[in-house]
Amino acid sequence: MALNLNPSHGAVPKGRLFAVLGLIVLFSEIATFEILMVYPALPHMATAFKTLNIAWAASIVTLAGATVSPLVGKAADRWGKKRMIIVLGCVFVIGSLICAVATSLPMLLVGRALQGGLVGVVTLSYSLVRDIVPRDIVPIALGVVVTGIGMSAIAGPFLAGWLIDGFDYRGVFWFMAAYVVVLLPLYAALVPESPVRVDRPIDYLGVVLLGPGIVIVLMGVGNAKTAGWGSASTATMLLVGIAMLVAFVFRQRVARNPLIDLNVLLGRRFGPTVLAVSCVAYMMNAHALMIPAMLQTPKGVPGLGYGAGLTATQLAIWTCWLGIVSMFVGPLGGYLAKKIGARQVLLASAVLFLLAMFLGSRLFNAQWQVAIMSVTAGFAVGFLHSSNANLIQDALPPSQNGVGTSISGMCALLAAGIATTLTGIVMSKHVLTVDQHTRSVLYADSAFTQGYLYAAVVGVVGLVVALVMKHGRQPAQGGLTEPGNDARPTEDARPHGAGRGA
């Protein structure tokens, strides 16, 4: 029986609240596991399937997730957020089992695509927390959910190394299947369903234009890594994707039941928040791409000012402070959002990331230096995720919450794709040598100094947007209850059941 978090009959016991949040956190970790744990396994899968295209096993998760996110978000608004998370969890288990027994690359990719549906579980969990947790503690609860990102960022690389070394790459997929199978019954039994429902048809044409449109843009951005920005293939994908997104905007203006109210999507709350967070997150993703290359390069190479010669396990040990710190800073960010406003927490994240970009450009290669940089980035990551969760929830009316959070998650995927692509292009302009046998690349110092510099420039844009935007200046409210001045009411969400936690 689901634990009741309805505060109408007195204070909600802390043990009950922590039990529900703990399950939500543990389940949300799979979104990070399905990415971080698979990266170290890619070379082993490439050998097993004798292919040079194994990178698709990583990218197809993001592409599949972005494709279905609008539909999942809208379905969650209509039929229940917990229900959709459970459905996606079942699909994820099927996908994991297919990956574990795959005998060919196409079969593996089918399994990974099925796993991709759960990549947006974190943003969907934000919406569920908003609906079931007492309103006065929603900002802190959202910060607690961020803890899962830090926990999985710490455990993922170590766990993946142990599984791959002991059970081959298939062990990673068996573990993920078992992890979700164990959690699903507990989640279904103890986590309350959202009482919010929006009883109106789904705009399927809008779904087709938005999800695949962003996917095609992502593919175009990814294609630029190899073919270049000026190639016909890159230009075609970008133009088609952008055309679909423009068509989506026009569709939402004329649709009787639009996927999302454009006055919400482009209003002064949601739009600036997504832009500011995306620019700040650019720095996070650029750092994640560059730091492994910096530290795994052999130490003492003549002419290079970086390099520590770390193995994958040593890299995890040196940089684990980022995950540890972000795990504890997430709830702190939620608390500060409630006290001083989520915008101020986002500003702190931007400033800390800019400091991390400066430290990275110094080409640190000693463990204590990397620890300082990782701690700085850990504070920035924790503040970023907790501020984003609160800003998004306070920007969306209940009737738009599920689809709105899904769209913000898609924008995060797009920002990550652009960040890694542009940073990779910047670094590719400063290549010293390429090993003809291993195809490993040796970069000049300028590859990293320039990479961090350009990331900082994008981050400054996010800082400026956060400085001028009005949204989030007041203490976080735990969710928008009525449409604001920039959002006309389209349809009020109606409660489903007796009340919260029903």
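Model, not experiment: these values are computed from the prediction.

Parameters and conventions
Residues numbered from 1 in each chain as written. Predicted model: local features only at pLDDT ≥ 70, side-chain atom pairs only at ≥ 80, totals over all residues. Heavy atoms only, no water. Helix = DSSP H or I, 4+ residues; strand = E, 2+ residues; numbered from the N terminus. Rg over C-alpha atoms; globule rule 2.2 N^0.38 Å. Buried < 20%, exposed > 50% of the residue type's maximum accessible area, 1.4 Å probe, protein only. Contact = heavy atoms within 4.5 Å. Axes fitted to C-alpha atoms, helices over the stretch in contact; angles between N-to-C directions. Parallel < 35°, antiparallel > 145°, perpendicular 65-115°, else oblique. Disulfide = S-S within 2.5 Å. Phe/Tyr/Trp six-rings, centres within 6.5 Å; stacked < 30°, edge-to-face > 60°. Core = buried A, V, L, I, M, F, W, Y, C linked by side-chain atoms within 4.5 Å. Salt bridge = Lys/Arg side-chain N within 4 Å of Asp/Glu carboxyl O. Expected span 1.5 Å × (residues − 1).

1. Focus: the overall build of the protein chain
- When helices and strands are tallied, the protein chain shows 18 helices and four strands.
- Computed over C-alpha atoms, the radius of gyration of the protein chain comes to 22 Å, within 12% of the 23 Å expected from 2.2 N^0.38 for 502 residues, which places it in the range of a compact globule.
- With the C-alpha coordinates of the protein chain rotated into their principal frame, the extents come out at 70 × 50 × 50 Å.
- Across the 502 residues that make up the protein chain, the buried fraction comes to 55%.
- Looking at the protein chain alone, contacts between residues at least 24 apart form 82% of all its contacts between residues at least 6 apart.

2. Digging into the packing of helix α10 (residues 204–227) against helix α17 (residues 401–428)
- Between α10 and α17, whose axes approach to 8 Å, the crossing angle comes to 10°. Taken together, α10 and α17 sit at an angle that is classed as roughly parallel. Along the contact surface, α10 presents L210, G211, I214, V217, L218, V221, G222, A224 and K225, while α17 presents I407, M410, L413, L414, G417, I418, T420, T421 and I425.

3. Some remarks on the state of the cysteines
- Across all of its chains, the model carries zero disulfides by this definition.
- With no disulfide partner, C279 has as its closest neighbouring cysteine sulfur the one in C411, 11 Å distant.
- Residue classification places C279 among the buried residues on the basis of a relative accessible area of 10%.

4. Considerations on unusual backbone geometry
- The backbone of K50 sits at a positive phi, close to 50°, despite the residue not being glycine.
- Residue placement: K50 occurs in the loop between α3 (42–49) and α4 (56–79).
- Exposure remark for K50: the relative accessible area of 76% places this residue in the exposed category.
- Of note in the backbone geometry, D168 takes a positive phi value of approximately 70° without being a glycine.
- Along the chain, the position of D168 falls in the loop between α8 (138–167) and α9 (170–190).
- You can call D168 partly exposed: its relative accessible area is 37%.

5. Concerning the packing of aromatic side chains
- One pass over the structure, following the stated rule, counts 10 aromatic pairs.
- Measuring from centroid to centroid gives 6.2 Å for F379 and F383, while their planes differ by 55°, and the two rings are tilted. Here the residue F379 and the residue F383 both occupy positions in helix α16 (residues 367–395), the gap between them amounting to four residues, near one helical turn.
- In this structure F379 comes out as partly exposed when scored by relative accessible area, which is 33%.
- A connected cluster of aromatic rings, assembled from ring pairs, spans F33, F175 and Y179.

6. Considerations on the side chain of S361
- Locating S361 in the fold gives a position in helix α15 (residues 342–361).
- Taking relative accessible area as the criterion, S361 reaches 12% and is therefore assigned buried.

7. What about the environment of A308?
- Mapped onto the fold, A308 is located in the loop between α13 (270–296) and α14 (312–340).
- Separated by 10 residues in the primary sequence, A308 and P298 have C-alpha atoms spaced 5.8 Å apart.
- Those residues in contact with A308 that lie beyond four places of it in its chain are M294, L295, T297, K299, W318 and N365.

8. Topic: the nonpolar core
- The biggest cluster of nonpolar side chains holds 64 residues, and the ones touching the most others in it are I24, F27, I30, M45, L108 and F173.
- Filtering out sequence-adjacent residues up to four positions away, F27 remains in contact with I85, G89, L118, V121, V180, L183, L184 and Y187.
- Membership of the second largest hydrophobic core comes to 53 residues, among which are V325, A337, A380 and L463.

9. What to know about the pattern of salt bridges
- Evaluation of the coordinates by the stated rule reveals three salt bridges.
- Between R251 and D203 there is a salt bridge whose closest N-O contact spans 2.9 Å. One end of the pair, R251, is in helix α11 (residues 232–254); the other, D203, is in the loop between β1 (196–197) and α10, with 48 residues separating them in the sequence.
- On the accessibility criterion, R251 (27% relative accessible area) is partly exposed.

10. Structural notes on helix α18 (residues 445–468)
- Taking 1.5 Å as the rise per residue, α18 with 24 residues should run 34 Å; its terminal C-alpha atoms sit 35 Å apart, in good agreement.
- Here α18 has its buried residues at A447, F448, G451, Y452, A455, A456, G459, G462, L463, V465 and A466.
- Looking at the buried side of α18, the elements it contacts are α13, α15, α17 and β3 (441–443).

11. Here's the deal with α4
- Given a rise of 1.5 Å per residue, 24 residues ought to cover 34 Å, and the 32 Å separating the end C-alpha atoms of α4 matches this to within 8%.
- Directly after α4, the chain includes G80, whose backbone phi takes a positive value near 120°.

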